[in-house]
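Understanding the architecture of this molecule
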Amino acid sequence: MKEKLEAIKAEALEKIEKAKVLESLNDVKVAVLGKKGELTQVLKGMKDVAPEDRPKVGQMVNDARTAIESALEAKTKAINQALRTEKMKRETIDVTLPGTKKLTGHRHPNQIALEDLERVFIGMGYEIVDGPEVEYDKYNFELLNIPANHPAKDEQDTFYITKDILLRTQTSPVQARVMEKGHLPIRIISPGRVFRADEVDATHSPSFHQVEGLVIDKGITMADLKGTLQQFAEEFFGKDTKVKFRPHHFPFTEPSAEVDVTCFKCGGKGCRVCKGSGWIEILGCGMVHPKVLHDCGINPEEYSGFAFGIGLERVTLLKYEIDDMRLLYENDMRFLDQF
Amino acid sequence: MNTPLSWIKAYVPDLDVTAQEFVDAMTLSGSHVENYEKKDKNLEKIVVGKIVKIERHPDADRLVVCQVDIGGTEPIQIVTGAPNVREGDLVPTVLDGGKVAGGHDGQELPPDGIKIKKGKLRGVPSEGMMCAIEELGSSRELYPEAPEDGVYVFPKDADVKPGDDAVHALGLDDVVVEYEITSNRVDCFSIIGMAREAAVTFDKPFYPPVIAETGNAEKVTDYVSVEIQDTDLCPRYCARVVKNLKIGPSPKWMKERLASQGIRSINNLVDITNYVMEEYGQPMHAFDLNTIAGHKIVVRRAADGDKFTTLDGQERTLDHDVLMICDGEKEIGIAGIMGGENSMVTDDIQTLVFEAACFDGTNIRLSSKRLGMATDAAAKFTKGLDPNLALDAINRACQLIEEMGAGEVVGGVIDIYPNPVQPKKLPFEPEKMNALLGTDVAPEQMLYYFDKLGLSYDKESNLLTVPTFRQDLNCMADLAEEVARFYGYNNIPVSLPRGEATVGKKPYDHRIYDIARIVLEGNGFSGGMCYSFESPKVFDKLLLPADSEYRKAIEISNPLGEDFSIMRTISLNGVLTSLATNYNRKNKYARLYEFGNVYLPHALPLTELPEERMKLTIGMYGGGDFFTLKGVIEELCDKTGLKDQCTYVPTTEHPFLHPGRQANITKGKLNVGWIGQIHPEVGDNYGIKTEVYVAVIDMQTLVMLSSFDIKYEGIAKFPGSTRDLSMVMDKGIFVGQIEEILKKCGGKLLESCKLFDIYEGEQIAEGKKSVAYTMTFRAKDRTLAAEEVDKIVEKILKELSKLGIELRG
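Residues numbered from 1 in each chain as written. Chains lettered and ligands numbered in written order. Predicted model: local features only at pLDDT ≥ 70, side-chain atom pairs only at ≥ 80, totals over all residues. Heavy atoms only, no water.

**Topic: the domain arrangement of chain B**
Along its sequence, chain B is carved into domain 1 (2-33 + 180-201), domain 2 (44-169), domain 3 (220-416), domain 4 (424-491), domain 5 (508-705) and domain 6 (721-807). Using only C-alpha atoms to locate each centre, domain 2 of chain B and domain 4 of chain B end up separated by 54 Å. (Domains from an automatic or database assignment.)

**Observations concerning the environment of Met 325 of chain A**
All names here are of chain A. Looking at the secondary structure, you find Met 325 in the loop between α10 (312-320) and α11 (327-330). What makes Met 325 buried here is its relative accessible area of 6%. For Met 325, the contacting residues outside a window of four places in its chain are Asp 201, Ala 202, Thr 203, His 204, Ser 205, Phe 208, Glu 313 and Leu 317. (Helix = DSSP H or I, 4+ residues; strand = E, 2+ residues; numbered from the N terminus. Buried < 20%, exposed > 50% of the residue type's maximum accessible area, 1.4 Å probe, protein only. Contact = heavy atoms within 4.5 Å.)

**Focus on the interface of chain B and chain A**
Contact with chain B, which involves 90 residues of that partner, is made by 86 residues of chain A. Of the roughly 7400 Å² buried between chain B and chain A on both sides combined, carbon and sulfur atoms contribute 55%. Applying the counting criterion to the chain B and chain A interface returns seven salt bridges. The partner of Arg 498 of chain B in a salt bridge is Asp 224 of chain A, and the shortest N-O contact between them spans 3.7 Å. Summed over the shared surface of chain B and chain A, the result is 40 residue pairs in polar contact (both at pLDDT 80 or more). (Buried area = accessible area lost by both parts, 1.4 Å probe. Salt bridge = Lys/Arg side-chain N within 4 Å of Asp/Glu carboxyl O. Polar contact = N/O pair within 3.5 Å; in protein donor to acceptor, adjacent residues only side chain to side chain.)

**Topic: the pairing of strand β36 (residues 721-730) of chain B**
Residue and element names in this part refer to chain B. Pairing geometry for β36 and strand β38 (residues 768-777), over 10 bridges, is antiparallel. From the neighbouring strand, Thr 722 faces β38, where its bridge partner is Thr 776. Alignment of β36 against strand β39 (residues 806-807), held across two bridges, turns out to be antiparallel. Residue pairing in the sheet places Val 728 in a bridge with Glu 806 of β39. (Pairing = 2+ DSSP bridges.)

**As for the sheet that holds β39 of chain B**
Residue and element names in this part refer to chain B. An order of β37-β38-β36-β39 is seen for the four strands of this open sheet, with the pairing classed as antiparallel. The open sheet has two free edges, formed respectively by β37 (750-759) and β39, since each of these has just one partner strand. Contacts between helix α20 (residues 786-802) and the sheet are confined to β36, β38 and β39, with β36 contributing the most and set at about 15° to the helix. (Axes fitted to C-alpha atoms, helices over the stretch in contact; angles between N-to-C directions.)

**Considering helix α19 (residues 735-746) of chain B**
All names here are of chain B. Helix length check: α19 (12 residues) gives 16 Å between terminal C-alpha atoms against 16 Å at 1.5 Å per residue, within 8%. Among all positions in α19, only Ile 738, Ile 741, Leu 742, Cys 745 and Gly 746 are buried. Relative to the axis of α19, the buried residues are bounded by an arc of 115° and lie together on one face. Exposed residues lying more than 90 degrees from the buried face of α19 are Glu 740 and Lys 744. Contacts from the buried residues of α19 go to β36, β37, β38 and α20. (Expected span 1.5 Å × (residues − 1). Arc of directions from axis to C-beta.)

**Brief notes about the pattern of salt bridges**
All names here are of chain A. Within the structure shown, the criterion is met by 72 salt bridges over all chains. In this structure, Arg 177 and Glu 135 form a salt bridge, with 2.7 Å as the shortest nitrogen-oxygen distance. Of this pair, Arg 177 sits in helix α7 (residues 173-181) while Glu 135 is found in strand β2 (residues 134-136), placing the two residues 42 residues apart along the sequence. The partly exposed category is assigned to Arg 177, whose relative accessible area is 23%.

**Concerning the environment of Leu 803 of chain B**
Note on placement: Leu 803 of chain B falls in the loop between α20 and β39. In this structure the C-alpha to C-alpha distance between Leu 803 of chain B and Ala 60 of chain B, which are 743 residues apart in sequence, comes to 115 Å.

**Describing the nonpolar core**
Residues Leu 117, Phe 232, Leu 283, Cys 285 and Phe 308 of chain A together with Phe 450 of chain B are the most contacted members of the largest nonpolar core, which totals 64 residues. In terms of residues, this core owes the most to one element, helix α8 (residues 222-237) of chain A, which gives eight residues. Setting aside its immediate chain neighbours within four residues, Phe 308 of chain A contacts Phe 121, Ile 189, Val 211, Glu 212, Gly 213, Leu 229, Leu 283, Gly 284 and Cys 285 of chain A. (Core = buried A, V, L, I, M, F, W, Y, C linked by side-chain atoms within 4.5 Å.)

**Description of the domain arrangement of chain A**
The domains assigned to chain A are domain 1 (2-90) and domain 2 (109-336). Centre-to-centre, using C-alpha coordinates, domain 1 of chain A lies 89 Å away from domain 2 of chain A.

**Focus on the pairing of strand β4 (residues 64-69) of chain B**
Residue and element names in this part refer to chain B. One ladder, built from six bridges, connects strand β3 (residues 44-56) with β4; its direction is antiparallel. Bridged to Lys 53 within β4 is Gln 67. Where β4 lies against strand β5 (residues 76-80), five bridges are found, and the strand directions are antiparallel. By the bridge assignment for β5, Val 64 is matched with Thr 80.

Next up, the structure:
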């Protein structure tokens, strides 16, 4: 009996060992463990075994069964694994093929620059304010200390609609409008379209964008102006950017300054972008002229403030090394796709 | 404004700086240097050489071999073809490895000069070159002593010796600096003004020219009289007379200085007036006394339509706002702009009248613009001159006449100056200035700067007296800027504003624009930028009828040309033009969007500001159709809280769109915008021969309707019940009409209805189409009974049948 069992077991294990496909394993399972299987037959033949031997034989049968079952399980797992490995091998793809992309659009470079700039100033507590593009002379000039007959009012610079209504030449009229409302303190930036009678060429456009900044509060100093613009330059152009203030003249600020930053291309060593100087002029600024404060209804003895104006296209062209301003208005997809 | 450094140094003799130091410091103190040019650019290793011996060249008749003493132990040998060399001459000599500016032919100078190396000429070694004045980058105009052909020879009395720097000896080691002077600094449009700035910038003493007494014992009033009739336009008029004139060339120093200002030397008289104009910033004029009828000068306005010939030979038509200089009978000059041909200085002049006057800047500016005469004098007057300059200038001119021996100055000066301008007095407020600047500059330091700038301080009254040439200093802030300039803008400390905190934010409408950008870019549309003004021809290109509201556009009174002459009332043209640009450049597709205003006048001509409405314009060609674009608009509505709330109403009201492919986008009574395919004729007008789809969204309306008030509604707990409807109807019925019925009848229980099939053709009768919907019904609080749903469907079918819609058999 024992020999028979051993033989069944050995034969089964050998078949399992040799099996290559799952079907062979199933055959073994049916032939040995199935209802009519050899081992089942042995169990059925227990009645012929002496009662005292039955537990022992039973034990032997079970042992054989367990051994075969676990061999079957292990082999099944091994074959399955091999099959899966085989399948995955067949499924190998060329991962260097290009990805499937959805067609997406691109933001205009001027808009990207504007958003970068807005982010910096919003972070410093500035509110964004809009103003009209068709504007009264009063806001564009008069309240900004540019009286009648000032050369800057010459027709060659300003597009007029009527004697008193014009296309704003700067975003500064928004300053006057905000001050006039009288909600103090003021911390605003005002981006927008401005217009000047310049013929279209590589560096001029009759329509371009400025970003105006205005801060009015008690005790605002020129040191605050410097600190604010230094902060802006570091955030916008990079941590190591240095800022230089040069005296200048604007009718609506006093003292006034033009601001240069170290060239963001070469870092100040001198290159094509900065024309070898290492510096790039980016904006005009100054302390709000006391006459402007007064005319807009703010007491200059009590309040002071600063203002600045950035030419957005200038920054965009420099930042992206775009060599012709006309590209910004052509909207050629091959241009826009690069941003 | 240009200044040669040497001219500045004439008034600030202690100035000892390099060109770069000068330029940097002047820029930082407010005189922005645009450019500077070294006159000795490309002049290297050029010394004074003395020709000690000349021998004939053994193999060339036209060459000689010179031994030249250059201050070393041994003379060097130079072979030259110059015809004018003699033993003992001192000549500029460029040594081996040096550079000269150009050739002796005086042609245009090469940018990098010409390198000189030792070599052999016809077999004889030559170790350098003796230079002609043209080779040094200059000309006989400035160095009249130079020979027409040959090397420059230093005059016998020149204080030079062999080995000296020849460039310095010739005065060619100068720098001409070009500044951008701001319009408020009228005083800086003069050499004296710039020299004063330089003196303060470098903290050196300033020595302006000392004007000497001039004139003989005669009286000017015996020669000429002056009357100002229009004093509003001429606050001051000074005149002096010079007789026994000796017209001739000016000295070299004067020619050189004029040349640095871009002024060509004419003769000593003309040069003196130009020189004083540059030196003092005060334009002057010279009349021939003999041409002045009645020896009387009258300053008055012209009469409308007067004709007058200026000294350039051009006839000008005048008007009543042009100020004229006249004599006893006629007009002889346009005040401050240009003299007349009838009184101009000619070579046989005997006696002249100098004029130094002050004219109203605005009047001169407007007159010179109207007449189209942009002269140097007008440019100076336009800025608004200090009337107190005139007397100094005229006396300076007479001093130069005497110094140069150009004539005999008649004694005395006519000076009509009814209301002399007095110096302003401003309080000295150091604390306020420091508070404005954020600095801690000592009051004494401030007073030091002011003193150097010519402002005197009276301690008793605590007042600063501002000289009249500083018309730009009117208040504390102006004075603070002076302190800041010389204390140094870059020495002002750096801080951030303190005080009440403010909230940084974007306005709500900008947030909606941002969402739109994200949606559009996610769908392949790129941001474009278009002009606000355009040509009135656009209306015809867009097939707008003559009475179209769009044609009521604002006109610019001084446009750059017709193409930029009206403010757009419809935003379409910009994007269409850009699409056409892409199409013409053979770009396979283009998808663009643009944010920009249209300008809608309340009345024309404008009496108040127009309404500016922000429009989002979207356009595309190549890939995609009407429904591609509609899908984008729907996504935009979804993302702005308008999901399924907008209706697309078929219309034919937009003449620029395909009549069968256009819709207004509405919500209730509000028009959010429109969408459609461009009319093929409009496409032709723009040169786009493919289907173009466009949409315009009125952002104000979208912003107003947008909502982000979202409340969570829970996830459905009870099963839904779906029904399919397959219908047959006339082709002309819009599915929008069906959906309207489904939604109306379905009420709250209709969760969704989805179009899943639309079919025309075989099996369907001619002129009919089949449309199929899946509807899902669901209640929040219970499982719907079949009967309930049946009832609704019945109601729907009843409504549909009113449109002649039947279930498909």
